[in-house]
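Summary of structural features
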Amino acid sequence: MKALLRSGFVALIASTLAIQTCASWRSNADSNPMASVAAGLARLGIQPEQPMTTDVLVGHTMSCELPIHAMLLPIGGQEDERVSDLGLANEATRYIYLGSVRAKRSEAVVLSRWLLARARFVVGFSPVNPSDTLILVMLPRACRSLETMEWATLSPWQ
Amino acid sequence: MLPVFRYAAQPVRSIETVAQMSSGLRGFRGLISKPIGAREVAIWSVLMVSVAFWSNVMRASAGDTPGLSNMLAHVLNNGAVDVLAWMLVIVRCGKLYTANPASMVQVSIAFLAGVIVLAPLRFASGLALTILGVLLLKDQHANRSARDVGLIFVALAVETVWTSSLLQPLHVLVGTMDASINVLMLRLFNIGAMVHANAVDNISANFAIAMWPGCTSSFPLASVGLLFIAVVLFLGQPLRRFHLSWLVASLIASILLTEIRLVLLALNETSYDWWHNGPGLSIYTIVALVPAVIFPILATRGHRMADPLLPHQLTA
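Residues numbered from 1 in each chain as written. Chains lettered and ligands numbered in written order. Predicted model: local features only at pLDDT ≥ 70, side-chain atom pairs only at ≥ 80, totals over all residues. Heavy atoms only, no water.

**Some details on the overall build of chain A**
What counts, and what does not: Secondary structure elements are defined from DSSP: runs of H or I of at least 4 residues count as helices, runs of E of at least 2 residues count as strands, and each element is numbered from the N terminus. Relative accessibility thresholds used throughout: buried, under 20% of the residue-type maximum; exposed, over 50%; partly exposed, between the two (1.4 Å probe, protein chains only). Per-residue accessibility takes into account occlusion by the displayed protein chains alone, with areas from the Shrake-Rupley method and a 1.4 Å probe.
If you tally the helices and strands in chain A, you get four helices and six strands. Counting from the amino terminus, chain A carries its helices and strands in the arrangement α-α-β-β-β-α-β-β-α-β. Out of the 158 residues belonging to chain A, those deemed buried represent 47%. Approximately 8,000 Å² of chain A is accessible, and the part contributed by carbon and sulfur atoms is 60%.

See the structure below:
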């Protein structure tokens, strides 16, 4: 019994080390999320103007003369003051995170999706570690057609 | 004669073999039924969670390449307080429990902790530390060393959760309060400043800073608490009720020092560079360490006979 228990403990320690080593080498979160946003916008038919040069991406589409803005925000809310500084009177917002698209930011939705995606990554169901940034898209209110687009494409569920 | 001899010799050999087998079986049964010691199970438990805890710390984060230098950098970034706490655990580890056999509950919880830490998450380490810490604190057969380790485990678990991604929104919320306090303090020195959520805009210097979770006054509190407990236990005393007031004083001192540092960071860009990345960072670390170490020393001085915080702390 004693030997069996000892073997069990040793096996658990060895497994922990093996899993941790594997976790180090597995694919981590998107290394260039801004480039991924630009690619996502292109898939929606929006041509990004300045990809990867600034932290705000400007895009144009054939159906709307006014520009569309996209930016990345940490899910912890560290940079939310930037959004308040923008003064979005003439723009509708879309907060996009792992398949969820909302007009207002919801901490509960972001956290629950991050937890679920993280759990799926940890147990090996998903190869991608969830990003710790959400995408904020600012749409001109004058172009109503933009609001019904498939914005989840920018950050699909993993 | 020869066949008869052979025939006669064989039963003798057979009897010996049976005796040996019987002895071996008894030994095997003894091996199976021999219970594992409580101390040994405790040592295995400590070993399992320590391996998981430090593996999580050393594991490369997003964008890093796994390697020895990165692992060392992660350990150094994690802070000396955790190293100190684990040193205490290692020192006390050999004295956990007496030589009694382990109970089924103890063995089960050790395995449960071992299974939990298989998940490569800091949160899993925190959960396992909590389970083992509560077991060590609540167990009637646990001795003083076991209770010390239990306290450290619970404090480490709190620190792990406190600094995790899950509590970042809380620190951001505190960051907005820190920003407001920062602006008030700057105005006290006749420096024009405005606050936008968790950002401070120093109008006089045309300079702005944002309070990120790691910079807020709430972020280091769990480490300060852990350091307080570790120093008290290193001084050979159990945690007592009146120590809590000293612990609160230590936390308040930490908050005040962080607020002062944030004001220094918001003064101008030169000051920011000096206090955030330059020699000011080392000075602040040393200054912050002084109350965090002095307070537990003062708390333990001359109060050796007071009531222990934990009911069975002096029994073993």
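From this point on, the discussion continues.
**Here we look at the overall build of chain B**
To be explicit about the condition: Any two residues having at least one pair of non-hydrogen atoms within 4.5 Å are treated as being in contact.
Each helix and strand counted, chain B has 12 helices and three strands in total. Within chain B, the proportion of its 316 residues that are buried is 44%. Expressed as a percentage of contacts within chain B between residues at least 6 apart in sequence, the contacts between residues at least 24 apart total 68%. Accessible surface, chain B as shown: approximately 16,200 Å² in total, 71% of it carbon and sulfur.

**Examining the pattern of salt bridges**
All names here are of chain A. What counts is decided by this rule: The salt bridge criterion pairs a side-chain nitrogen of Lys or Arg with a carboxyl oxygen of Asp or Glu, the two atoms within 4 Å.
Counted by the stated rule, this structure contains six salt bridges over all chains. We note a salt bridge from arginine 105 to glutamate 107, for which the minimum N-O separation is 3.1 Å. Each member of the salt-bridge network shares a partner with another, and the members are Arg94, Arg144 and Glu147.

**Notes on the environment of valine 174 of chain B**
All names here are of chain B. Among the structural elements, valine 174 can be located in helix H8 (residues 168–188). Taking the C-alpha atoms as reference points, valine 174 and phenylalanine 219, 45 residues apart in sequence, are found 9.1 Å from one another. Aside from chain neighbours lying at most four places away, what touches valine 174 is Thr216, Ser217 and Ser218.

**A look at the state of the cysteines**
All names here are of chain A. The criterion, for reference: Working definition: a disulfide is two cysteine sulfur atoms within 2.5 Å of each other.
Evaluated as defined, the whole model comprises one disulfide over all chains. The residue that forms a disulfide with cysteine 64 is cysteine 143, at a sulfur-sulfur distance of 1.8 Å. With the S-S bond torsion at 65°, the cross-link from cysteine 64 to cysteine 143 turns out right-handed. Of this pair, cysteine 64 sits in strand S3 (residues 64–74) while cysteine 143 sits in the segment after strand S6 (133–140), and the two are 79 residues apart along the sequence. As far as the burial class goes, cysteine 64 and cysteine 143 line up, both buried.

**Some words on the sheet that holds strand S4 (residues 91–97) of chain A**
All names here are of chain A. Threshold: Following DSSP output, two strands are said to pair if at least two bridges run between them. Axis definition: a line fitted to C-alpha atoms, over the contacting stretch in the case of helices. Angles run 0 to 180 degrees between N-to-C directions.
Reading across from one edge, S1-S2-S3-S6-S4-S5 is the order of the six strands in this open sheet, with antiparallel pairing throughout. Across the chains shown, the open sheet's two edge strands, defined by having one partner strand only, are strand S1 (47–48) and strand S5 (100–102). Taken together, the three bridges between S4 and S5 define a ladder with antiparallel strand orientation. Paired with tyrosine 95 across the bridge in S5 is arginine 102. Helix H2 (residues 33–43) contacts S1, strand S2 (56–61), S3 and S6 of the sheet and is inclined by roughly 150° relative to S3.

**So, the pairing of strand S1 (residues 193–196) of chain B**
All names here are of chain B. Pairing geometry for S1 and strand S2 (residues 199–202), over four bridges, is antiparallel. Directly across from alanine 193, in S2, lies its bridge partner asparagine 202. Turn length for the S1-S2 hairpin, with the two strands adjacent in sequence and antiparallel, is two residues, and the turn residue alanine 197 shows positive phi of about 50°.

**A few points about the nonpolar core**
If you look at soluble globular proteins, the nonpolar side chains tend to sit buried side by side. Worth spelling out the cut-off: For the purposes of this section, nonpolar cores are sets of buried Ala, Val, Leu, Ile, Met, Phe, Trp, Tyr and Cys residues that join through side-chain atoms within 4.5 Å.
In this structure, Phe9 of chain A together with Val49, Trp86, Leu129, Ile152, Phe153 and Leu156 of chain B are the most contacted members of the largest nonpolar core, which totals 61 residues. Sorting the residues of this core by element identifies helix H1 (2–25) of chain A together with helix H2 (38–58), helix H4 (80–93), helix H5 (104–116), helix H6 (122–138), helix H7 (144–162), helix H9 (221–234) and helix H12 (279–300) of chain B as the ones contributing at least two each. It is H2 of chain B that provides the largest number of residues to this core, a total of 12 residues. Dropping the residues within four chain positions of it, leucine 129 of chain B is found in contact with Val49, Phe53, Trp86, Phe153, Leu156 and Ala157 of chain B. Counting 19 residues, the second largest nonpolar core, distinct from the first, contains Met34, Val37, Ala38 and Leu139 of chain A.

**Topic: the side chain of arginine 94 of chain A**
Within the secondary structure, arginine 94 of chain A is located in strand S4. In contact with arginine 94 of chain A, not counting residues within four places along its chain, are Val101, Arg102, Ala103, Ile135, Leu136, Val137, Leu139, Glu147 and Trp151 of chain A.

**A word on H7 of chain B**
Note the threshold: Here a helix's expected span is defined as the number of its residues, less one, multiplied by 1.5 Å.
For H7 of chain B, which comprises 19 residues, the first-to-last C-alpha distance of 27 Å matches the rise-based estimate of 27 Å (1.5 Å per residue) to within 8%. Burial analysis of H7 of chain B places 14 of its 19 residues in the buried class, the great majority of the element.

**Some thoughts on the sheet that holds strand S3 (residues 207–210) of chain B**
Residues and elements named next belong to chain B. The three strands are arranged S1-S2-S3 in an open sheet whose pairing can be described as antiparallel. Every interior strand has two partners, whereas the edge strands, S1 and S3, have only one. Adjacent strand axes in the sheet meet at a mean angle of 15° when their direction is disregarded. Running over the sheet, H8 touches S1, S2 and S3 and is turned about 175° from S1. Those strands touched by helix H10 (residues 243–266) are S2 and S3, and its axis lies near 145° from that of S3.

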